[in-house]
Amino acid sequence: MKRTQVAVLVAVGAFVAGAVAIWHDSKPMVSSDGTITLRMAQTSSETGAIGQSMNEFADEIYDRTDGRYKIEVYHNGQLGAEIDTIEGCQMGTIDIAVVNQSTLGNFISDFQALDIPYLITSTDQADRVFLGEIGDSFLERLSGVQLVGLGIWESGFRNLTNGKKDINSVDDIKGLKIRTMENQIHIAFWKALGADATPMAWGEAYTALQQGALDGQENPSTVILTNNVAQVNSHLAITEHAYSTVFLIMSPTTWASLSEEDQKIFKEVMDECSQKERVLSRQMDAEAVEQLQEQGMTVTYPEKQPFIDAASSLYETWEKDYGKVMSDIRALKTN
């Protein structure tokens, strides 16, 4: 046999083996007693509202299906970064994933509009958006990128921390080197405030904060608490500049494997958990600020209007791409 033919056969064999491995991994695990095990992943801590609600979701599914479905929950990025878990759901190697709205913006551009600063300014408006028609439409659109949208949970309003000084006004932000997500809307906002916006993965950011390569970062208060940011930053400013959510997504392969009755159970449990998670998130958010103060952080409440004005100066640019979404969300404000 010629060497080229051998090489082709080896390559084909490797491809088939890989395809078989993916096919095998994409099938839910079925135990001898008939229990089907699914895998559910997120990149954040188990102790937050999202992590606790994931565990409750898994318990409820087990109970409501009489033990036919067991969901193994993986926290702290055990199954990879958010991009990895999204692709895992698309391929069927992960059954359910919890991913930030910003990450999904890499797959559907309109998701990026959800990150526009001060577009959502209250929890009441947030509920109208994400528990109503707008939220439903975003969930439905996930089918266009080989994902099933199950629900939307709350991360909360994002606040600013830094290790240099109290933030009492917009002017205090100038020159600070602030870690942002790899998100062009967030980057543009912080640059408009005079900060040195530095996009970076969270796993790298914490070390950079420890070493002083970064001055600060921005996240919901509960995330700041559960990720021990008080150990590297001593100042917290309640800016509430953007409202963050996570989307619960499922592998289409897994969803299709459920009976209609089980699909109904999964949706009912998800809807119930979506309500409960919001209540828990808001309770924990208020408690987080108190706990961060106890850990030594100084907390300030700068006037928001100058921050809002800085964001508004960018709206004309963003409206070119996201005008319809922005209009629909602003219409649900309840000042």
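Residues numbered from 1 in each chain as written. Predicted model: local features only at pLDDT ≥ 70, side-chain atom pairs only at ≥ 80, totals over all residues. Heavy atoms only, no water.

Visitor: Looking at this structure, how should I read helix α3 (residues 82–91)?
Guide: Each full turn of the α-helix corresponds to 3.6 residues, which orients residues three or four apart in the same direction. Taken residue by residue, α3 has Glu82, Thr85, Ile86, Gly88 and Cys89 as its buried positions. The buried side chains of α3 occupy one side of the element, clustering within an arc of 160° when seen end-on. For α3, the secondary structure elements touched by its buried residues are β2 (36–41), β4 (96–100), α4 (101–104), β10 (243–250) and α10 (252–257). Just beyond α3, the residue with positive phi is Gly92, at close to 90°. (Buried < 20%, exposed > 50% of the residue type's maximum accessible area, 1.4 Å probe, protein only. Helix = DSSP H or I, 4+ residues; strand = E, 2+ residues; numbered from the N terminus. Arc of directions from axis to C-beta. Contact = heavy atoms within 4.5 Å.)

Visitor: Whenever I open this one, the pattern of salt bridges confuses me. Can you help?
Guide: Between side chains of opposite charge, pairing is possible as soon as their charged atoms come close. In the structure shown here, the tally under the stated rule is 15 salt bridges. For Arg128, the salt bridge identified is with Asp124, shortest N-O distance 3.1 Å. With Arg128 and Asp124 both in helix α5 (residues 123–130) and 4 residues apart, this pair spans about one turn of that helix. Assessed through its relative accessible area of 44%, Arg128 is described here as partly exposed. With a shortest N-O distance of 2.6 Å, Lys324 and Asp328 are connected by a salt bridge. With Lys324 and Asp328 both in helix α13 (residues 315–330), this residue pair falls 4 residues apart, about one helical turn. We classify Asp328 as partly exposed; its relative accessible area is 29%. The network of salt bridges with common partners includes Asp127, Glu154, Arg278 and Arg282. (Salt bridge = Lys/Arg side-chain N within 4 Å of Asp/Glu carboxyl O.)

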